[in-house]
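An overview of the molecular structure
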Amino acid sequence: MVFRQPSVQYQLKCPVMLRLRRFTKHANLNPILWEATRNWTSIKKFIEIQIPVPWGHIAGKWWGNPDSKPLLGLHGWQDNAGTFDGIAPILPNHISLLALDLPGHGLSSWYPSSTSYNSSQGLLVLRHVVKYFKWNKIYLLGHSMGSAYGYLYAAVFPDEVEKYIGLDLARPMAIDPYALVLEAQNIIDRCLNNDHLSMGSGPKFSYDELMSRLFTGYQGSLSEESCKVLLKRGAVKFCDGKYCYSRDPRLSRSTNDLSAFPISHINRMAVNIKCEVLNIRGKSGASFIPLDQYYNALELMKISAKRFEFYEVEGSHHFHLNEPSETAALISQFLD
């Protein structure tokens, strides 16, 4: 039998771990499974959570003290909460991190049919999470697409975001409004044509084949070990022993341009970001926008940011997962 959504049997299994296999309750959380992963010299705990939303649930990994307000982690397109598995265990003990599986990714529910994945929906998701926990002030950590969501949220809710950390993306992708008018018809029809897609509706693979496809698809951005990390909550195993990705296949047929903003709007938003800002770029990172535009976006944020820091580190687009130590140190320094 094929299920449209991942079920609990596909819960994350860490490579070197101590599974406590017991349930607990938190003031604002449903019953959740305690896990503990062994780091080189210490044991770091996290809890698997589910946040109810109208279309299902948002899953996440809460690293550290579940009674403290966490740094809210937002992953990149087609990744999942595992993207912060390298950083989270080596952050100082007083810093907790809630890494979300955004809708359609990891263990989170997919959007209903005829609902598209885009940045406007991403803002609504963040608002759901903030309202659920009744937070008045938040810290945001985003990688790639997650950084774009953080940028938008910090601009739209400037009095609520205290710190915003962006990894390998300085601003959301812009759209040429004239090009959008010409392309909108195709985007809308493509969205409707994708409604039939479900988990298992596409090809299935052996685990090694799925690993190879992921590694090849990221074109060197992910190490093989990082691919394994993302597949812990990014793969589903079927009764026949075959696997497919747990993410919604509609993600690969993006309709994000429908809600993208022209560059003039994005630049105006930068001036409304008033929180403390840290941006870290991989020297061999993604080239979603030309480098001069990346630096220009940073300059615009500096105008109104309460505090601003920018660093470039060695590594690819997924530098924070492949080699997390330097990134974790910069984040720890910024948060202290």
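1. So, the overall build of the protein
Looking only at helices and strands, one finds 9 helices and 13 strands in the protein. In the protein, which comprises 336 residues, the proportion classed as buried is 54%. Of all intrachain contacts in the protein linking residues separated by at least 6 positions in sequence, the fraction that spans at least 24 positions is 73%. Accessible surface for the protein amounts to roughly 15300 Å². Of this, 54% is attributable to carbon and sulfur atoms.

2. As for the packing of helix H4 (residues 207-217) against helix H5 (residues 224-231)
Interaxial distance between H4 and H5 falls to 10 Å at its minimum, and their mutual angle equals 115 degrees. The element H4 and its partner H5 pack so that their crossing is right-handed. Every residue of H5 that contacts H4 at Tyr207, Leu210, Met211, Leu214 and Phe215 is listed here: Glu224, Cys227, Lys228 and Leu231. Broken down by class, the residue content of the contact of H4 with H5 amounts to 7 nonpolar, no polar and 2 charged.

3. Structural notes on the environment of Leu126
Here Leu126 shows up in helix H1 (residues 119-133). Taking the relative accessible area as the measure of exposure, Leu126 reaches 1% and is therefore buried. For Leu126 and Leu100, which are 26 residues apart along the polypeptide, the C-alpha to C-alpha distance reads 9.8 Å. Dropping the residues within four chain positions of it, Leu126 is found in contact with Leu72, Leu74, Tyr149 and Tyr153.

4. Section: the pairing of strand S6 (residues 71-74)
Burial along S6 is two-sided: the residues Leu71 and Gly73 and Leu72 and Leu74 are all buried. Sheet analysis places S6 next to strand S7 (residues 97-100), joined by 4 bridges and oriented parallel. Within S7, the residue paired with Leu72 across the bridge is Leu98. Pairing of S6 with strand S8 (residues 138-143) involves 4 bridges; the strand directions are parallel. What sits directly across from Gly73, in S8, is Leu141.

5. Some words on the packing of H1 against helix H2 (residues 145-156)
The geometry of a pair of packed helices is captured by two quantities: the angle between their axes and the separation between those axes. The interhelical angle for the contact between H1 and H2, taken along N-to-C directions, is 65 degrees, at an axis separation of 10 Å. Classified by the interaxial angle, the pair formed by H1 and H2 is roughly perpendicular. For H1 against H2, the interelement crossing comes out right-handed. Counted together, Ser119, Gly122, Leu123, Leu126, Arg127 and Val130 of H1 and Tyr149, Leu152, Tyr153 and Val156 of H2 form the full contact between these two elements. Considered class by class, the residues forming the contact of H1 with H2 number 7 nonpolar, 2 polar and 1 charged.

6. Let's talk about the packing of aromatic side chains
Within the structure shown, the criterion is met by 11 aromatic pairs. When the ring of Tyr207 is compared with that of Tyr243, the centres are 5.5 Å apart and the planes differ by 70 degrees; the resulting orientation is edge-to-face. Within this pair, whereas Tyr207 is found in helix H4, its partner Tyr243 is found in strand S11 (residues 243-245), the two being separated by 36 residues in sequence. On the accessibility criterion, Tyr207 (29% relative accessible area) is partly exposed. In this structure, Lys163 packs its charged tip against the face of Phe334, placed 5.1 Å from the ring centre. Over the ring of Phe238 we find Lys204; its NZ or CZ atom is 4.6 Å from the centre of that ring.

7. A look at the pairing of S7
On S7, burial covers both faces: Leu97 and Ala99 on one face and Leu98 and Leu100 on the other are all buried. By the bridge criterion, 4 bridges tie strand S5 (residues 56-63) to S7 in an arrangement that is antiparallel. What sits directly across from Trp63, in S7, is Leu97.

8. Brief notes about unusual backbone geometry
Residue Lys134 is not a glycine yet carries a positive backbone phi of 60 degrees. Structurally, Lys134 is set in the loop between H1 and S8. Residue Lys134 is classed as exposed on the basis of its relative accessible area of 68%. Even without being glycine, Asp168 reaches a positive phi, approximately 60 degrees. Within the secondary structure, Asp168 sits in the loop between strand S9 (161-167) and helix H3 (177-193).

9. Side note on the environment of Arg213
In this fold, Arg213 is placed in helix H4. In this structure, the C-alpha to C-alpha distance between Arg213 and Cys227, residues 14 residues apart in sequence, is 9.8 Å. Leaving out residues up to four positions away in the same chain, Arg213 has contacts with Phe205 and Tyr245.

About the criteria used
Residues numbered from 1 in each chain as written. Predicted model: local features only at pLDDT ≥ 70, side-chain atom pairs only at ≥ 80, totals over all residues. Heavy atoms only, no water. Helix = DSSP H or I, 4+ residues; strand = E, 2+ residues; numbered from the N terminus. Buried < 20%, exposed > 50% of the residue type's maximum accessible area, 1.4 Å probe, protein only. Contact = heavy atoms within 4.5 Å. Areas by Shrake-Rupley, 256 points an atom, 1.4 Å probe, with all protein chains shown as cover. Axes fitted to C-alpha atoms, helices over the stretch in contact; angles between N-to-C directions. Left-handed = near helix turned anticlockwise from the far one by under 90°. Nonpolar A, V, L, I, M, F, W, Y, C, P; charged D, E, K, R; others polar. Pairing = 2+ DSSP bridges. Parallel < 35°, antiparallel > 145°, perpendicular 65-115°, else oblique. Phe/Tyr/Trp six-rings, centres within 6.5 Å; stacked < 30°, edge-to-face > 60°. Lys NZ or Arg CZ within 6 Å of the ring centre and 35° of its normal.

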